[in-house]
Amino acid sequence: MGVLGMSLLLQLNLPPASSTLPCIISPAQGSSCRRRICVGGRVEGRSVRRKDGVRSGRKQLGFLVAASLQDEKEAATTSSSTTTESSSDTSVVSSSSASWVVPRRFVLGTSVGLLVALGANFLGVTSALLSLNPALSRAARVDVLYPVQGYKRCLETSRGFEFIYPAQWVGDQRLLYRAVERAERERSLDLPSLQQQQNRRSSIDPVVAFGPPGSNGELNVSIVVAPTLPSFTLEKLGGPKEAGETLLHRFIAPEGSNKVANLVNAERRDNMGVVFYTLEYIVEGPAFSRHNVAVYATSGGELFSLNAQSPKALWPNVQNQFREMANSFGLLR
């Protein structure tokens, strides 16, 4: 092989065809080796250090380090995103919890306020709700506390009667003073005979009475409970009209009283085995003229009477109220 051929082999980095020339060691077999070069038929041995393998190893090491750093970076990014998502989920849960807490407090506060308003009948809300079903409300006697359709209930369990009256009316304070005087008389040191006479006189006093505030007493409703014979009944006086005439001429406007009484209407009503007579009449005297509605019933040796009176001039304004009171009057026995 000529010089030209050798130079071409060297340029092409190919081994010569001669078996005496060793093959060039591949860089993969080691980083340090002895490279034999044939120059002009002579072999010049020279020890050289292969840097290709080192460079390749460094490149591979750098690649591995970069890949490891990249993996760590991705892991950190994944962990950060997971943490962010977790914190985001926590914030969502927290905000969701907060969003539930706020309505719950709102509902609780609103419910308490509503109960207070209903209990205090604020702006008449409770009365308006109860008036939607007045029959049920009155059957439950809720109108003792709250007006129902403009009426309140007087429930006197100690004497055994009840009725409704206009919610704007107030109790008669004179009855309170009379009750105090009656209690003082009962505690007095008078003889028993004198006490019995005083008690008989006080038996005609009303048990309760109601009227408009600031009125002079001409417009009111009152209940009187008087003892009677156990065998006495209204039917013994006859029918409603006959009994009404008897009551007017014997007790309300008897002869010599300088009063005149005229019966306008008389009705009978039965309620739970008790007979009620309702009388509407007019009583006139030298200084007054009144329109009255009275209801009578007997039970347990007592005569119960409801009497609602009004000046004749005011009768057109209160006649419906009087009829409501009369129809509601009942006994608890």
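Just so you know, these numbers come straight off a predicted model, no measurement behind them.

**Remarks on the sheet that holds strand 4 (residues 161-166)**
Then, number 1: Taken in spatial order, the three strands of this open sheet run 3-4-12, and their pairing is antiparallel. If you trace the sheet from one side to the other, it starts and ends with strand 3 (151-156) and strand 12 (330-331), each paired once.
Then, number 2: Summarising the sheet, strand 3 and strand 4 pair through six bridges and their orientation is antiparallel. Looking across to strand 4, one finds that R153 is bridged to I164.
Then, number 3: Set on the sheet, helix 8 (residues 315-328) makes contact with strand 3, strand 4 and strand 12; between it and strand 4 the angle comes to about 165°.

**Overview of the sheet that holds strand 7 (residues 220-227)**
Then, number 1: The sheet built from seven strands is open, its strands ordered 5-6-7-11-10-9-8 with antiparallel pairing. Edge strands, defined here as strands with exactly one partner in the open sheet, are strand 5 (170-171) and strand 8 (260-271).
Then, number 2: In terms of strand pairing, strand 9 (residues 274-284) meets strand 10 (residues 289-299) through eight bridges, oriented antiparallel. Paired with Y277 across the bridge in strand 10 is Y296.
Then, number 3: Those strands touched by helix 7 (residues 240-252) are strand 8, strand 9 and strand 10, and its axis lies near 135° from that of strand 8.

**A word on the pairing of strand 4**
Then, number 1: Counted residue by residue, strand 4 has six buried out of six residues, so it is predominantly covered.
Then, number 2: Between strand 3 and strand 4, which pair antiparallel in sequence order, lie four residues; one of them, G160, sits at a positive phi of approximately 85°.
Then, number 3: Pairing between strand 4 and strand 12: two bridges, direction antiparallel. Across the sheet, E162 pairs through a bridge with G330, a residue of strand 12.

**A short note on the nonpolar core**
Then, number 1: Within the largest apolar cluster, 26 residues are counted, with the highest numbers of intra-cluster contacts made by F161, F163, F322 and F329.
Then, number 2: Those elements giving two or more residues to this core turn out to be strand 4, strand 6 (208-211), strand 7, strand 9, strand 10, strand 11 (302-311) and helix 8.
Then, number 3: Among the elements that line this core, the one with the most residues is helix 8, at five residues.
Then, number 4: Those residues in contact with F329, other than ones at most four positions away along the chain, are F161, E162, F163, I223, R269, F276, V295, F304 and L306.
Then, number 5: Counting residues in each nonpolar core, the second largest holds 15 residues, with L237, V275, Y277 and A294 among its members.

**Digging into the packing of aromatic side chains**
The way to describe two aromatic rings as a pair is by their centre distance and the angle between their planes.
Then, number 1: Scanning the entire structure with this criterion turns up six aromatic pairs.
Then, number 2: Plain terms: the ring middles of F161 and F329 are 6.5 Å apart, the flat faces sit at 50° to each other, and that makes the pair tilted. Of this pair, F161 sits in strand 4 while F329 sits in the loop between helix 8 and strand 12; the two residues are 168 residues apart in sequence, bridging distant segments of the chain.
Then, number 3: The exposure class assigned to F329 is buried, which follows from its relative accessible area of 0%.
Then, number 4: Seen from their ring centres, Y165 and F210 are 4.0 Å apart, and the 10° between their planes marks the pair as stacked. Note that Y165 is positioned in strand 4 and F210 in strand 6, a separation of 45 residues in sequence. Per residue, the accessibility class of Y165 equals that of F210, and both read buried.
Then, number 5: Among the aromatic side chains, those forming a connected cluster through ring pairs are F161, F276 and F329.
Then, number 6: The ring of F288 is capped by R290, whose NZ or CZ atom sits 4.1 Å from the centre of that ring.

**Comments concerning the environment of Y277**
Then, number 1: As for its position among the elements, Y277 is in strand 9.
Then, number 2: Taking the relative accessible area as the measure of exposure, Y277 reaches 3% and is therefore buried.
Then, number 3: Setting aside chain neighbours within four positions, we find Y277 in contact with L234, E235, G238, G239, P240, A243, E267, R268, A294, V295 and Y296.
Then, number 4: In terms of polar contacts, Y277 uses its side chain to reach the backbone carbonyl oxygen of G238, at 2.7 Å.

The rules behind the values
- Residues numbered from 1 in each chain as written.
- Predicted model: local features only at pLDDT ≥ 70, side-chain atom pairs only at ≥ 80, totals over all residues.
- Heavy atoms only, no water.
- Pairing = 2+ DSSP bridges.
- Helix = DSSP H or I, 4+ residues; strand = E, 2+ residues; numbered from the N terminus.
- Contact = heavy atoms within 4.5 Å.
- Axes fitted to C-alpha atoms, helices over the stretch in contact; angles between N-to-C directions.
- Buried < 20%, exposed > 50% of the residue type's maximum accessible area, 1.4 Å probe, protein only.
- Core = buried A, V, L, I, M, F, W, Y, C linked by side-chain atoms within 4.5 Å.
- Phe/Tyr/Trp six-rings, centres within 6.5 Å; stacked < 30°, edge-to-face > 60°.
- Lys NZ or Arg CZ within 6 Å of the ring centre and 35° of its normal.
- Polar contact = N/O pair within 3.5 Å; in protein donor to acceptor, adjacent residues only side chain to side chain.

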